[in-house]
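In case you want the letters, here they are:
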There are 2 protein chains.
Amino acid sequence: MNIGIIGLGLIGGSMGLNLRKSNFAHSVFGMDANPTNASHAVKLGIVDKILPLEDLLLESNIIILSIPVDAIQKILPNILNKISNSSVVLDTGSTKQDLCKSILHHPQRRRFVATHPIAGIEHSGPMFADSDLFLKKNCIICDAQFSDGEALSLVKQIYSTMKMRIIHTTSEEHDLYISYISHLPHVLSFSLARTILKKFFKKEKIVNTMMGSGLYSTIRLAKSNPKTWLPIFASNRNNMIQAINGYIHVLEEFRYYLLNKKFHEIFHYLKKANSIKDKKYV
Amino acid sequence: MNIGIIGLGLIGGSMGLNLRKSNFAHSVFGMDANPTNASHAVKLGIVDKILPLEDLLLESNIIILSIPVDAIQKILPNILNKISNSSVVLDTGSTKQDLCKSILHHPQRRRFVATHPIAGIEHSGPMFADSDLFLKKNCIICDAQFSDGEALSLVKQIYSTMKMRIIHTTSEEHDLYISYISHLPHVLSFSLARTILKKFFKKEKIVNTMMGSGLYSTIRLAKSNPKTWLPIFASNRNNMIQAINGYIHVLEEFRYYLLNKKFHEIFHYLKKANSIKDKKYV
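Quick summary incoming for the structure in this document. (Residues numbered from 1 in each chain as written. Chains lettered and ligands numbered in written order. Predicted model: local features only at pLDDT ≥ 70, side-chain atom pairs only at ≥ 80, totals over all residues. Heavy atoms only, no water.)

Some remarks on the relation of the copies chain B and chain A
Going by this rule: Copy-to-copy superposition: least squares on the C-alpha atoms, limited to residues that have pLDDT of at least 70 in both copies.
Once chain B is rotated about the relating axis by 180 degrees and shifted along it by 0.0 Å, it coincides with chain A to within an RMSD of 0.0 Å. Here the copies are linked by what is in effect a two-fold axis.

Encoded structure:
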């Protein structure tokens, strides 16, 4: 089985390492718009060879799209036009609804499987690729009914090899849930970093010396790559606006209690939030 | 040197373990309003003995107050009334301005040193006490000019023994900075947990299966103890309101850009937030 990976960043790179190491892949071919990433991917053993797109499509049984979500949406129809009837294409993007809609009537739709391995971290690029990145994490497969059974089964084998837990849902539900569970935390973290930078402009040293693990964990996501995240926010725009509205409403409730010294209500607010731990989110 | 610790939770408990292990303390005495905590503290080797308040004050050269900030403010004047001229009292609370104001004219003010070891985590109680909790973390000493030089020097020895970096500031500056750097991230995390619980009420299982490390790190603080955090928010109320206002303003800016499809502005928003990593906050 030959695998072609388009986009050799954190996710694509980690998949290459894993599928070579496990011998799932006979050969891994890759391409990346950034020549430095491509050359790193070879040096780091992520791919056997860098190939131009046409050759990569010709040589690969499975094609993995691990590029920003807007780039996936742009390239996917062309790729489906060019592949054979036995090839399989999967993507690893963080939004699914726009993408799945855009190819719904493509004659080769059934050769595509929409997936979201939830394994991203704040770092990007092949230098951070890690064959164990996916271990015991969750992978969401969307709108599986529109994929050929045998294509789907192959994609599941890939994620099982990577030791991920597989969950099925619709692309619509995926985007709604993930807007609150992943995209909103990113916006909040970016916004916290901006609030602190704005308030303590030129006083970074003091902020630094006072920083504890609380700030560290809440601004971790603010270091994420805008080239990855702007297309995600744009593609999941409607859900994001709803999630941000919901969040501001809840935060304003806290502010109202504090302004009006309603300490009993604050205690219950905090206590209810605590219950998130009982529900095995962590 | 005998040390008395009032409040044998995470911070008080970890200090007890550390100061016994390092032999800084000849004996560590403790008390806790919660009898279970007190009995755990003995079993876990945090203290040599549990003593009633009067005996603890009599037997200890240094008294550590590691209880919620409202309880510290309530008990501190009484303790200062009762101690000898050679005893030293320090607190470990997360707010400082109200406390320092409240005892400014106390005849024994100079025997007190206001400190904030920034080492808290989302867990509380003696079961989580760890003698290495403070290693290489920061400790803020406030309004040092109001403490006797020799009392201050002893307190610095304690924190040096615990391998903390010591920073000096005023209680006013402490509360302002820490409202953005620690208290705001806690509010944001509590509020994120509430937003998700509210939106996905009775759908916790799906949320759980979709959760990645992004949500994990941003809701970590939402598991913090309301008994600790309500008094902190109440005591730092004015700064907190300012910090929340500032944050909502920044988040609304993001929402405005998204609503109006100003993607170029979003890119710069994210890019600027990224710069927090260049400033060695992490």
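Now, onward.
A look at helix H1 (residues 10–21) of chain A
For an α-helix, 3.6 residues make a turn, and residues three or four places apart therefore share a direction. All names here are of chain A. Selection rule: Helix and strand labels come from DSSP, where a helix needs a run of H or I of at least four residues and a strand needs a run of E of at least two; each type is numbered from the N terminus. One less than the residue count of a helix, multiplied by 1.5 Å, gives the span that helix is expected to have. For each residue, the accessible area found with a 1.4 Å probe, counting protein chains only, is set against the maximum for its type, and the residue is called buried under 20%, exposed over 50%, and partly exposed in between. Contacts: residue pairs with any heavy atoms within 4.5 Å of one another.
A rise of 1.5 Å per residue sets the reference length of H1, with its 12 residues, at 16 Å; its end C-alpha atoms lie 16 Å apart and thus fit the reference within 8%. Across the 12 residues of H1, 10 count as buried, placing the element largely inside the fold. Residues of H1 that are buried: Leu10, Ile11, Gly12, Gly13, Ser14, Met15, Gly16, Leu17, Asn18 and Leu19. Those residues of H1 hidden inside the fold are in contact with strand E1 (2–6), strand E2 (27–31), strand E4 (62–65), strand E5 (88–91), strand E6 (112–117) and helix H6 (149–161). Two residues or fewer after H1 comes Asn23, characterised by a positive phi angle close to 60 degrees.

Here we look at helix H10 (residues 226–235) of chain A
Our working rule: In protein, a polar contact means a hydrogen-donor-capable atom and an acceptor-capable atom, both N or O and within 3.5 Å, with residues adjacent in sequence counting only if both atoms are side-chain atoms; elsewhere, any N or O pair within 3.5 Å suffices.
Counting buried positions along H10 of chain A gives 7 out of 10 residues, so the element sits mostly inside the fold. Looking at H10 of chain A, one finds that the buried residues are Pro226, Trp229, Leu230, Pro231, Ile232, Phe233 and Ser235 of chain A. Buried positions along H10 of chain A lie against helix H4 (69–82), helix H5 (97–102), helix H7 (171–199) and helix H11 (237–259) of chain A together with helix H11 (237–259) and helix H12 (263–274) of chain B. The N-cap residue of H10 of chain A is Asn225 of chain A: its side-chain oxygen and the backbone nitrogen of Lys227 of chain A are 3.0 Å apart.

Quick notes on the interface of chain B and chain A
Rules: Buried area is a sum: the accessible area each of two parts loses on coming together, probed at 1.4 Å, counted once for each and added. By convention in these notes, a salt bridge is any Lys or Arg side-chain nitrogen within 4 Å of a carboxyl oxygen on Asp or Glu. Gly is placed with the polar residues, together with every amino acid not listed as nonpolar (Ala, Val, Leu, Ile, Met, Phe, Trp, Tyr, Cys and Pro) or charged (Asp, Glu, Lys and Arg).
Counting residues at the interface gives 91 residues for chain B, matched by 91 residues for chain A. Taken together, both faces of the contact between chain B and chain A bury some 9100 Å²; the carbon and sulfur share is 72%. Between chain B and chain A we count 2 salt bridges in total. The shortest N-O distance in the salt bridge between Arg194 of chain B and Glu253 of chain A comes to 3.8 Å. At the junction of chain B and chain A, the tally comes to 25 residue pairs in polar contact (both at pLDDT 80 or more). Elements supplying a minimum of two residues to the side of chain B that touches chain A: strand E7 (138–142), strand E8 (165–169), helix H7 (171–199), helix H8 (204–210), helix H9 (213–219), helix H10 (226–235), H11 and H12 of chain B. When residues in the side of chain B that touches chain A are grouped by element, the largest group, 20 residues, is from H7 of chain B. Residue composition of the side of chain B that touches chain A, by class: 52 nonpolar, 21 polar and 18 charged.

Quick word on the pairing of strand E8 (residues 165–169) of chain A
Every other side chain in a regular strand lies on the same face of the sheet, so the side chains alternate between the two faces. Residue and element names in this part refer to chain A. Condition: Strand pairing is assigned whenever DSSP detects at least two bridges linking the two strands. Place the viewer so that the strands point away; then a crossover is right-handed whenever the path from the first strand over the helix to the second strand goes clockwise.
Note that strand E7 (residues 138–142) and E8 share 5 bridges and pair parallel. Bridge assignment links Cys142 to a residue of E8, and that residue is Thr169. For the crossover from E7 across H6 to E8, the handedness is right-handed.

Focus: unusual backbone geometry
Residue and element names in this part refer to chain A. We note that Lys136 has phi near 60 degrees; this positive angle belongs to a residue other than glycine. Relative to the helices and strands, Lys136 is located in the loop between E6 and E7. Even without being glycine, Lys163 reaches a positive phi, approximately 65 degrees. Turning to its location among the elements, Lys163 is positioned in the loop between H6 and E8. Judged by its relative accessible area of 54%, Lys163 falls in the exposed class.

Describing the packing of aromatic side chains
As a reminder of what qualifies: Side-chain rings of Phe, Tyr and Trp, where Trp is taken by its six-membered ring, are said to pair if the distance between their centres is within 6.5 Å; with planes under 30 degrees apart they count as stacked, over 60 as edge-to-face, and otherwise as tilted. A ring has a charge above it when a Lys NZ or an Arg CZ is no more than 6 Å from the ring centre and no more than 35 degrees off the ring normal.
What the rule picks out here adds up to 14 aromatic pairs over all chains. Their ring planes at 85 degrees and their centres at 5.4 Å tell us that Phe254 of chain A and Phe233 of chain B sit as a pair that is edge-to-face. Here Phe233 of chain B lies in helix H10 and Phe254 of chain A lies in helix H11, a pairing that spans two chains. Summarising the burial analysis for this pair, Phe254 of chain A and Phe233 of chain B share the class buried. Through a chain of ring-to-ring contacts, three or more aromatic side chains come together here, namely Phe190, Trp229 and Phe233 of chain A together with Phe254 and Tyr269 of chain B. Its guanidinium or amino end placed over the ring of Tyr269 of chain B, Arg194 of chain A lies 4.4 Å from that ring's centre, counting from NZ or CZ.

Remarks on the packing of helix H1 (residues 10–21) of chain B against helix H6 (residues 149–161) of chain B
All names here are of chain B. Put simply, the test is: Angles here are taken between N-to-C directions and fall from 0 to 180 degrees, while the axes themselves are lines fitted to C-alpha atoms, restricted in helices to the stretch in contact. An angle below 35 degrees is read as roughly parallel, one above 145 as roughly antiparallel, one from 65 to 115 as roughly perpendicular, and any other as oblique.
Direction vectors running N to C along H1 and H6 enclose 85 degrees, while the axes themselves pass 10 Å from each other. Considering the angle they form, H1 stands roughly perpendicular to H6. Between H1 and H6, the residues in contact are Met15, Asn18 and Leu19 and Ile158, Tyr159 and Thr161, respectively.

Brief notes about a nonpolar patch on the surface
Residues and elements named next belong to chain A. Under the convention used in this document: Nonpolar side chains (Val, Leu, Ile, Met, Phe, Trp, Tyr) within 5 Å and like charges within 9 Å form the patches, drawn only from residues with over 30% relative accessible area and no salt bridge. For every accessible area listed, the method is Shrake-Rupley and the probe measures 1.4 Å; residues are considered covered only by the protein chains on display.
Residues Leu44, Ile121, Met127 and Phe128 make up a contiguous nonpolar surface patch of roughly 340 Å² in combined accessible area. Mapped onto the elements, Phe128 comes out in the loop between E6 and E7. Classification of Phe128 as partly exposed rests on a relative accessible area of 37%.

What about the sheet that holds strand E4 (residues 62–65) of chain B?
All names here are of chain B. Within the open sheet, the 8 strands sit side by side as E3-E2-E1-E4-E5-E6-E7-E8. Their pairing is mixed. Only two strands of the sheet have a single neighbouring strand rather than two, namely strand E3 (49–50) and E8. Against the sheet, H6 contacts E4, strand E5 (88–91), strand E6 (112–117), E7 and E8, and its axis sits at roughly 50 degrees relative to E5.

Description of the sheet that holds E4 of chain A
All names here are of chain A. Taken in spatial order, the 8 strands of this open sheet run E3-E2-E1-E4-E5-E6-E7-E8, and their pairing is mixed. Sheet topology places strand E3 (49–50) and E8 at the edges, where each strand pairs with a single neighbour. Pairing between E6 and E7: 4 bridges, direction antiparallel. What sits directly across from Thr115, in E7, is Ile141. Contacting E6, E7 and E8, H7 runs over the sheet at an angle of about 140 degrees to E7.

Here's the deal with the environment of Ala222 of chain B
Locating Ala222 of chain B in the fold gives a position in the loop between H9 and H10. C-alpha separation for the pair Ala222 of chain B and Val47 of chain B, spaced 175 residues apart in sequence, amounts to 30 Å. Once residues within four sequence positions are removed from consideration, Ala222 of chain B is found in contact with Ala273 and Asn274 of chain A together with Ser189, Phe190 and Ala193 of chain B.

Re the side chain of Thr95 of chain B
Residue and element names in this part refer to chain B. For Thr95, the position within the fold is in the loop between E5 and helix H5 (97–102). A residue is classified by how much of its surface remains accessible, and Thr95, at 4% relative accessible area, is buried. Among the polar contacts made by the side chain of Thr95, one reaches the side chain of Ser235 at a distance of 2.9 Å. Thr95 has contacts with Val69, His174, Asp175, His183, Ile232, Ser235 and Asn236, leaving out every residue within four places of it along the chain.

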